[in-house]
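Coordinate inspection notes
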Amino acid sequence: MSYPDFSEHGYQVLRELGRNREGGRITWLASKVNTGEQVVIKQFCFAQAGSSWSGFRACEQEIQFLEKLNHSGIPHYLSSFERPDGFCLVQEYINAPSLAETRSFAPEEIKQIAVKALEILVYLQNRIPPIIHRDIKPENILVDQQLNVYIIDFGFARVGSQEVAASSVFRGTPGFIPPEQMFKPTDATDLYSLGVTLICLLTGIKSTKIDQLQDQDDPYLIKFHHLLPRLSLRFLGWLEKMVQPLQKNRFANAQSALEALKPLDVIRVAGVDFSETVLEFKANRLGEKLTQSITIENPIADTLLQGRWEIAPHPHDPPHTPDDHAWIAVTPARFIGNHTQCRVQVDTSKLMADRQYKRQLILHSNAYPQTHTLTVKVQTAAFPIEKRKIPFGSLIGLFLMTVVVAMATTCFPYAGSAFASWLLQMIGNESGRILLLFGIYSLMYGFGKDYSKLKSGAFVSGAVGGAVGGIAGWVGGGTVGWAVVGAVVWAVLLPVGWAVGWAVKWVIDLAEDSFTTVLILLILGFGASVGTGIIAGFLNPFILLALTATSLPALSMLLYSPLKKRRLIAKYRQSEESLIKP
């Protein structure tokens, strides 16, 4: 094959790259004679049979565009020269095949090609006025081994949204031309062509066979979903929007299409839904092992979720591997499935008491995004030291009251027998029986009343009760003496019952737990022993026995709790240094 001689212009042809007979264009790979630099020479042979002078206008227009463009994805214009049979355009040589050649790209690589092609279109559309290529197709996109993308052939390019003349209506490649390109191209025009180009790459269909995907009723509608079952539904939605026949349904420009594409995954990936995003544990005792479950769902159909757990590093935790942590464990640590229940176990035996811990669990998966975070909060149990507040003031008051009662009882031994004798006489008399019933009732009535009302109500009730008792005594006995006795019975026994009731309720309220109850009983016994000893003498063996049996246990209970607390605190402080901090 004979090559043209361009030596007078400083170039030597190396080989033919391609030709377009209709446009009268042959593309040559050449080198500069002086430097050896390789270039591309587009030769427009207008005098050849089958060529037309429209090719010259395209060449002229391409030179005008290339002279103004400066982008790494667009081969630079170098020079031009005339020939007897036509015209030659010299451009930077890009050592990369076009997408029309049979090649295999992974889906993620095709996305990368789309991103870089859109970045070139963004550059063109940001020009003032914007440039519309109008012939984006696999043959006009070069991609090298590093996936660098170059757009070539600006012969059909247009400045702005100019009305298209009738002579250029059918310029472009069938199947890659959107409807508006026939009348008034816009920034969305090249998006349609790029979308069809990407469909060719994803489906493996040649650009010359794109009609196989065109709808019979609407040739601008490309049907491709059935050929791409493994691709992400969001990416397919993006691509479908790129090739919408009506430009109003497409992206408005390359910039908006680029921003929508970047965060998308091409391959359909699994998703992750946690039943809980925060797990809260609360220990009731030290060293307790706590467990909670969490469910991981994959909501994306036709995908399979795979994941593995990792406990995020924390400055206070000992060094650990993904499968071995000091106090947190996840089972199973690795899983495959779209519905998985994992158990999170927390061992609080290595943690400090009465503290709150917060850690992060990281799920690494084949989902989008690849990592998801779960928060674990742990409240450890309080240190087992009884926070008991001993009511020393009340116990002292109870002790003194018991001492006084015991002394009074001991001092008047005959009062009891005299009272019993009088009680027997009253029972034998009808009037006495009536007064006795009133006395019992007054005592019980006073006993049942709320002791908080003692001060305000005892004397009033006693006075009123005395009057009532006096009437009852007069009715029962018919004499003034019985009336006086009835009044005294009611007026005295009602406050006494009230006071006794108050004392009993006070003691019951004071005995809030078993420890305090036992302590109160011992104090009562000790007070009674002291009161009796004061009157009867402490040398009495029974008194000494009672004092010993009540005082020593009470004293040990009062002293044991603080001593135990101090001992436990000291022991805990010694071991605290080896525990993990929050």
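Preceding block: the structure.
Now for a quick tour of the structure. None of these values were measured; they are calculated from a predicted model.

For the pair helix α2 (residues 107–125) and helix α5 (residues 254–261), interaxial distance at closest approach is 8 Å and the crossing angle is 155 degrees. Relative to α5, the element α2 is oriented roughly antiparallel. Crossing of α2 over α5 shows left-handed handedness. Here α2 contributes Lys-111, Ala-114, Val-115, Leu-118, Glu-119, Leu-121, Val-122 and Gln-125 to the contact with α5, which in turn contributes Ala-254, Gln-255, Ala-257, Leu-258 and Leu-261. Here the contact of α2 with α5 is composed, by residue class, of nine nonpolar, two polar and two charged.

Attention now goes to the environment of Asp-187. Checked against the element boundaries, Asp-187 lands in the loop between β9 (158–159) and α3 (189–203). The class of Asp-187 is partly exposed, set by a relative accessible area of 23%. For the pair Asp-187 and Ile-132, spaced 55 residues apart in sequence, the C-alpha separation works out to 6.7 Å. Excluding residues within four positions of it along the chain, Asp-187 makes contact with Gln-125, Pro-130, Ile-132, Ala-252 and Asn-253.

A general feature of soluble globular proteins is that nonpolar side chains tend to end up buried together. Of all hydrophobic cores here, the largest spans 60 residues; its most connected members are Leu-118, Leu-121, Leu-124, Leu-194, Trp-238 and Met-242. Secondary-structure elements contributing two or more residues to this core are α1 (54–68), β5 (86–92), α2, β7 (141–143), β8 (149–151), α3, α4 (233–242) and α5. Tallying contributions element by element places α2 first for this core, with eleven residues. Those residues in contact with Trp-238 that sit more than four places away from it in its chain are Leu-118, Leu-198, Phe-251, Ala-257, Ala-260, Leu-261 and Leu-264.

Right, let's talk about the pattern of salt bridges for a bit. Applying the stated criterion across every chain, the model contains six salt bridges. Notably, a salt bridge pairs Lys-137 with Asp-135, separated by 3.9 Å at the nearest N-O pair. In terms of burial, Lys-137 and Asp-135 fall into one category: buried. One salt bridge in this structure joins Asp-317 and Arg-359, with 2.9 Å as the shortest N-O distance. Of the two residues, Asp-317 is situated in the loop between β13 (306–311) and β14 (328–331) and Arg-359 in strand β17 (residues 356–365); the sequence distance between them amounts to 42 residues. Looking at Asp-317, the relative accessible area reads 8%, which means it is buried. Its relative accessible area of 2% is what places Arg-359 among the buried residues.

Attention now moves to a nonpolar patch on the surface. There is a patch of nonpolar side chains on the surface, built from Ile-534, Ile-535, Phe-538 and Leu-544 and spanning about 330 Å² of accessible area. Inspection of the secondary structure assignment puts Phe-538 in the loop between α11 (514–536) and α12 (541–576).

Turning next to the sheet that holds β17. Read across the open sheet, the five strands follow the order β11-β18-β17-β13-β15; overall the sheet is mixed. Bordering the open sheet on either side are β11 (278–282) and β15 (334–336), each of which pairs with just one other strand. Here the average twist between neighbouring strands, direction ignored, is 20 degrees. Examined bridge by bridge, β13 and β15 share three bridges and lie antiparallel to one another. From the neighbouring strand, Gly-307 faces β15, where its bridge partner is Phe-335.

Before going further, it helps to examine α5. Buried within α5 are the following residues: Ala-254, Ala-257, Leu-258 and Leu-261. When α5 is viewed along its axis, its buried side chains cluster within an angular range of 100 degrees and face the same direction. Looking at the buried residues of α5, the elements they touch are α2, α3 and α4.

Parameters and conventions
Residues numbered from 1 in each chain as written. Predicted model: local features only at pLDDT ≥ 70, side-chain atom pairs only at ≥ 80, totals over all residues. Heavy atoms only, no water. Axes fitted to C-alpha atoms, helices over the stretch in contact; angles between N-to-C directions. Helix = DSSP H or I, 4+ residues; strand = E, 2+ residues; numbered from the N terminus. Parallel < 35°, antiparallel > 145°, perpendicular 65-115°, else oblique. Left-handed = near helix turned anticlockwise from the far one by under 90°. Contact = heavy atoms within 4.5 Å. Nonpolar A, V, L, I, M, F, W, Y, C, P; charged D, E, K, R; others polar. Buried < 20%, exposed > 50% of the residue type's maximum accessible area, 1.4 Å probe, protein only. Core = buried A, V, L, I, M, F, W, Y, C linked by side-chain atoms within 4.5 Å. Salt bridge = Lys/Arg side-chain N within 4 Å of Asp/Glu carboxyl O. Patch = residues over 30% accessible without salt bridge, like charges linked within 9 Å, V, L, I, M, F, W, Y side chains within 5 Å. Areas by Shrake-Rupley, 256 points an atom, 1.4 Å probe, with all protein chains shown as cover. Pairing = 2+ DSSP bridges. Arc of directions from axis to C-beta.

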